[in-house]
Amino acid sequence: MTVTLTPGQADLCQLEIVWRGTDPVTLASAARSGVEAAAALVFRAAQGKDAIYGVNTGFGKLASVKIAANDTAKLQRNLILSHCCGVGEQLDAATTRLMMVLKLLSLGRGASGVAWATVALIEAMLAKGVLPVIPVQGSVGASGDLAPLAHMAAVLIGEGEAVFDGQKLPGKEALTKAGLTPIELGPKEGLALINGTQFSTACALAALFSAWRNASASVITAALSTDAIMGSTAPLVDEIHTLRGHPGQIAVARAQRALMDGSEIRESHRDGDTRVQDPYCIRCQPQVTGAAMDLLHFAGRTLEIEANAVTDNPLVLTGEGLIVSGGNFHAEPVAFAADQIALALCEIGAIAQRRVALMVDPTLSFDLPPFLTPAPGLNSGFMIAEVTTAALMSENKHLANPCSTDSTPTSANQEDHVSMAAHAARRLLRMNANLNVILGVELLCAAQGIGFRAPLKTSAALQGIIKALRETVPEVREDRYMAPDIARAAALIADGVLLSGLDLPGHAQGAGR
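No experiment lies behind these values; they were computed from the predicted model shown.

What follows deals with the overall build of the protein. The secondary structure content of the protein amounts to 19 helices and nine strands. The globule rule puts the C-alpha radius of gyration for 513 residues at 24 Å, and the 26 Å found for the protein is close to it. With respect to the three principal axes, the spread of C-alpha positions in the protein is 90 × 50 × 45 Å. In the protein, which comprises 513 residues, the share counted as buried stands at 56%. Counted over contacts in the protein with a minimum sequence separation of 6, partners at least 24 positions apart contribute 79%. Carbon and sulfur atoms make up 55% of the accessible area of the protein, which totals about 20500 Å². Charge centroids of the protein, computed over 39 positive and 48 negative side chains, lie 3 Å from each other.

Another aspect to go through is the pairing of strand E7 (residues 167–170). Within a regular strand, the side chains alternate between the two sheet faces. For strand E6 (residues 161–164) and E7, the ladder comprises four bridges, and the chain directions are antiparallel. Across the sheet, residue Ala 162 finds its bridge partner in E7, namely Leu 169. Counted between consecutive antiparallel strands, the loop separating E6 from E7 contains two residues, among which Asp 165 sits at a positive phi close to 55°.

On to the sheet that holds E6, then. Backbone hydrogen bonds hold the strands of a sheet together, and the pairing may be parallel or antiparallel. If you walk across this open sheet you meet the three strands as E4-E6-E7, and the pairing is antiparallel. Of all strands in the sheet, those with a lone pairing partner are strand E4 (131–132) and E7, marking the two edges.

As enumerated under the stated definition, the model contains zero disulfides in all. Take Cys 85: it sits in no disulfide, and the sulfur closest to it among the cysteines is that of Cys 84, at 7.3 Å. Residue Cys 85 is classed as exposed on the basis of its relative accessible area, which comes to 52%. Unpaired in terms of disulfides, Cys 281 finds its nearest cysteine sulfur in Cys 284, a separation of 9.0 Å.

Attention now goes to a nonpolar patch on the surface. On the surface, a nonpolar cluster with roughly 210 Å² of combined accessible area is contributed by Leu 317, Leu 322 and Val 324. As for its placement among the helices and strands, Leu 322 is situated in strand E9 (residues 322–324).

Turning next to the nonpolar core. Formed by 152 residues in total, the largest nonpolar core has its most connected members in Val 130 and Leu 205. Of all hydrophobic cores here, the second largest spans nine residues; its members include Ala 38, Ala 45, Ala 46 and Ile 323.

To continue, consider unusual backbone geometry. With an omega of -5°, the peptide bond running from Asn 313 to Pro 314 counts as cis. With respect to the helices and strands, Pro 314 occurs in the loop between helix H14 (285–307) and strand E8 (315–317). The linkage connecting Ala 454 with the following residue, Pro 455, adopts the cis geometry, with an omega of 10°. Along the polypeptide, Pro 455 turns up in the loop between helix H17 (421–451) and helix H18 (460–470). Non-glycine residue Leu 372 carries a positive phi angle of around 60°.

Turning to the pattern of salt bridges, a few remarks are in order. One pass over the full model with this rule turns up 16 salt bridges. Ionic pairing is found between Glu 267 and Arg 270, a salt bridge with its closest N-O pair at 2.9 Å. Given the relative accessible area of 47%, Glu 267 is considered partly exposed.

Here is what the cut-offs are and how they apply
- Residues numbered from 1 in each chain as written.
- Predicted model: local features only at pLDDT ≥ 70, side-chain atom pairs only at ≥ 80, totals over all residues.
- Heavy atoms only, no water.
- Helix = DSSP H or I, 4+ residues; strand = E, 2+ residues; numbered from the N terminus.
- Rg over C-alpha atoms; globule rule 2.2 N^0.38 Å.
- Buried < 20%, exposed > 50% of the residue type's maximum accessible area, 1.4 Å probe, protein only.
- Contact = heavy atoms within 4.5 Å.
- Areas by Shrake-Rupley, 256 points an atom, 1.4 Å probe, with all protein chains shown as cover.
- Lys, Arg positive; Asp, Glu negative; His and termini not counted.
- Charge placed at Lys NZ, Arg CZ, Asp CG, Glu CD.
- Pairing = 2+ DSSP bridges.
- Disulfide = S-S within 2.5 Å.
- Patch = residues over 30% accessible without salt bridge, like charges linked within 9 Å, V, L, I, M, F, W, Y side chains within 5 Å.
- Salt bridge = Lys/Arg side-chain N within 4 Å of Asp/Glu carboxyl O.
- Core = buried A, V, L, I, M, F, W, Y, C linked by side-chain atoms within 4.5 Å.

As structure tokens, this is what we get:
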């Protein structure tokens, strides 16, 4: 089924569908007239005598060099080839598709000056499954994501490399096998293709979608942990959270109350419990994870705007008949959003790791056996699984340091302040993977701990979560090879299969256009 997007109006839900799926993506037909009007204005400018940046001049520090009219096509081709300087591993297929779709949305606003044939070829590549090979390193996030986008654009002109039908092929061969033909770039088209923030934005959006699953899963694992250590639900009382007023905190407390409703374990210690208060990792879960969710919502709003933005340079203002240089390629908003996502991921993992540590410690777990094993001493149980979570928590703390505060001059000091949005966004992939494991280990520990509370039972909702876990990871009765268990639990977190019926707002709340 084809996904049709309207430039300027794509929302986070549509973009997540694109990222998680493989359906063809096209622009709404109404976009064509604006695209063609801008292309006509650029064509007229290219025939004139006035120097217009990127149309009949060199680029960057070479902007003062005037290019003859009969060399404008070669100018654009040279631009693409010379900027294919990316290094490192290949961008994953889903994020590559999303990057291409974001470029479509930007071009479709009718302010870039590309021919409709260029838009149509990108649409056809998406439909046929021709995905350019994009090295992930080489962008500083201004003047746009030049190197990664150049590798995308190279395939459109029959250069570079692409994956088609599971094979990595030269770009022209991949297009030919898919029944497609390379294009010759017209005036400004190469610059429109490589100038922009679509690589950084795609990586940040992919991270946002994964981060939201992690944040939501942490509400489930926290509820399980609370029952495992026979924690109190008093801190979840709604009025506590409405008195403060933060929407994420209110939503997390509400969801956790619903998850724990009907727990026999909880009811068993309402009276006669000598403990006055639980540690912060139990008691302050709504405040911490709720704040992280609010931060994700804020970042999502920024990224939704950027996904619909025109971020190349110069811009073609058809209403005024002007081609104007600006700086929309500077990815500072994306860098800020990526840093915010990093903070949220870091803190969700930090508080979850403390719950893991709580459950394996017999002095704090309210009579659970040491390291959650029935025979401690002979068995080490979850001792080193907890150490793994500590290692990943610490790694995420280092990765959460801001990237947006870094800058270095490039291009002979013409581009003297840059955003570093590309690696700000890319490092979130690793942070999300680390958090998958931290929450997966918490899931394992909490399910094990609840098992020791038998014959008392947890709530029906949490019993369903444990049942889903036990379909792939059996209870740990004695020491065994643990790595596969951790991997399977982390996969359950990453895949979102435990989130069905969870009473939480979606990641797009507060991000609507």
